[in-house]
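Overview (structure and organization)
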Amino acid sequence: MSTAAQPQAHPLAQIDWDHVEFYVGNAKQAAHFYMSAFGFEQLAYAGPETGIKDRVSYLLAQNDLRFVLTSSLRPDDAITEQVRLHGDGVKDVAILVQDARAAWKAACDGGARSLLEPTVLKDADGTFIRATIATYGDTVHSFIQRDGYRGVFAPGFVEERKSLPSRKPGLRAIDHCVGNVGWGEMDQWGDFYARVFGFSQLVSFDDQDISTEYTALRSKVMTDPRHRVKFPINEPAQGKKKSQIEEYLDFYHGAGVQHIAIRTDDIAETIRSLSANGVEFLDTPDSYYDMLAERVGRIDEAIETLRELRILVDRDDQGYMLQIFTKPLQDRPTLFFEIIQRKGSLSFGKGNFKALFVSIEREQEKRGTL
Ligand code: FE2
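Residues numbered from 1 in each chain as written. Predicted model: local features only at pLDDT ≥ 70, side-chain atom pairs only at ≥ 80, totals over all residues. Heavy atoms only, no water.

**Here's the deal with unusual backbone geometry**
The phi dihedral of asparagine 63 is positive, around 45 degrees, even though this residue is not glycine. For asparagine 63, the position within the fold is in the loop between β3 (55-62) and β4 (65-72). Notably, histidine 253 is not glycine yet its phi reads approximately 60 degrees, a positive angle. Position of histidine 253 among the secondary structure elements: in the loop between α5 (244-252) and β14 (256-264). (Helix = DSSP H or I, 4+ residues; strand = E, 2+ residues; numbered from the N terminus.)

Structure, rendered in structure tokens:
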């Protein structure tokens, strides 16, 4: 009667980053920090003046990056509770989908816990659909469908553009977003992204790869079929002293987003601009650069430039990549950013882990938490 059905593509097979929402104690001041230090522009605002009574949100953007900074205006709601427990941090890693209802249904069928059923929001700019599921800790993923929406961001937001006279670092887009989960929980969260999102594992490190004398972690990377969205998941591993992942879990009080890696097309220029704006980066032992040429072979960049800016380099069989990590972005040693430039490599800097952790341990030592 009918021809054989085509195998149905997973509703989350064609996705991309939409935005990241942070819950913070004082969104007005946080917005100023991300604009002045990281060169973001404010595009839109939501709050009492726009009909949102209990919170304020600022939409910051730069090229394909969209960050939303949200604070509560109440003493006793979920946003205030989240900030009390976790401090400032990432609440929602929101994913752009073609069909939010189908994405939400597939996720729930895969075992996800729903926090918001597909909800249609309308205003003069059209129709916007959002659904939300829970992931590790108190972190969530919203599925965003905006093909019927022409507005600046979402219903409830009004366009309100502001920029500050800081240097523009040329940040392009999110490369990957890393979650820290508890002891022995990496595999179950890897399975979660396989079941709920239809993701597969990109690459894996074991604690032999990512350990120093004092600290250790295990990590696996889950990704969609097109490799647009990459979610590395870390768990602490046993070392002589406290793992940096365990330090995160202690200060964040549970699992959460450890770092967001942001792509640039010219990392040296980006780091010069960010440094001029006052962004602080983790230092790297000078000896790292003495051994660099031998370790990574021929690269386009001058070693002396990389040494001056403390940029890390790693190579795999596809090419190489350059990366550097900021210091924590708030008082608690929790969330930080990575700046990354890829030159063919699809990796996450496995060969740099050792150098990075030596550097992180110096910071831990200063805080007395090693
Ligand atoms: Fe990373």
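**Looking at the domain arrangement of the protein**
Each assigned domain of the protein is listed here: domain 1 (16-162) and domain 2 (171-367). Taking the mean C-alpha position of each, domain 1 and domain 2 sit 25 Å from one another. Contact residues are listed per partner, giving 41 residues for domain 1 and 38 residues for domain 2. Counting each side, the surface lost to burial between domain 1 and domain 2 is near 3,100 Å², with a carbon and sulfur contribution of 66%. Per-residue buried area on domain 1 facing domain 2 is highest for Trp17, Phe38 and Tyr136; these three make up 26% of the total on that side. In this structure, the connection of domain 1 to domain 2 is made through one salt bridge. Going through the elements one at a time, β1 (16-23), α1 (27-38), β4, α2 (78-86), β5 (89-96), α3 (100-109), β7 (126-134) and β8 (140-145) are the ones with two or more residues in the side of domain 1 that touches domain 2. When its residues are assigned to classes, the side of domain 1 that touches domain 2 shows 22 nonpolar, 14 polar and five charged. (Domains from an automatic or database assignment. Contact = heavy atoms within 4.5 Å. Buried area = accessible area lost by both parts, 1.4 Å probe. Salt bridge = Lys/Arg side-chain N within 4 Å of Asp/Glu carboxyl O. Nonpolar A, V, L, I, M, F, W, Y, C, P; charged D, E, K, R; others polar.)

**Here we look at helix α4 (residues 186-197)**
The first and last C-alpha atoms of α4 sit 16 Å apart over twelve residues, in line with the 16 Å expected at 1.5 Å per residue. Where α4 is buried, its residues contact β5, α3, β7, β8, β12 (216-223) and β13 (230-237). In the segment just after α4, glycine 198 is the residue with positive phi, at about 70 degrees. (Expected span 1.5 Å × (residues − 1).)

**Quick word on the environment of phenylalanine 33**
By the element assignment, phenylalanine 33 lies in helix α1. The partly exposed category is assigned to phenylalanine 33, whose relative accessible area is 32%. Residues phenylalanine 33 and valine 279, 246 residues apart in the sequence, show an inter-C-alpha distance of 9.8 Å. (Buried < 20%, exposed > 50% of the residue type's maximum accessible area, 1.4 Å probe, protein only.)

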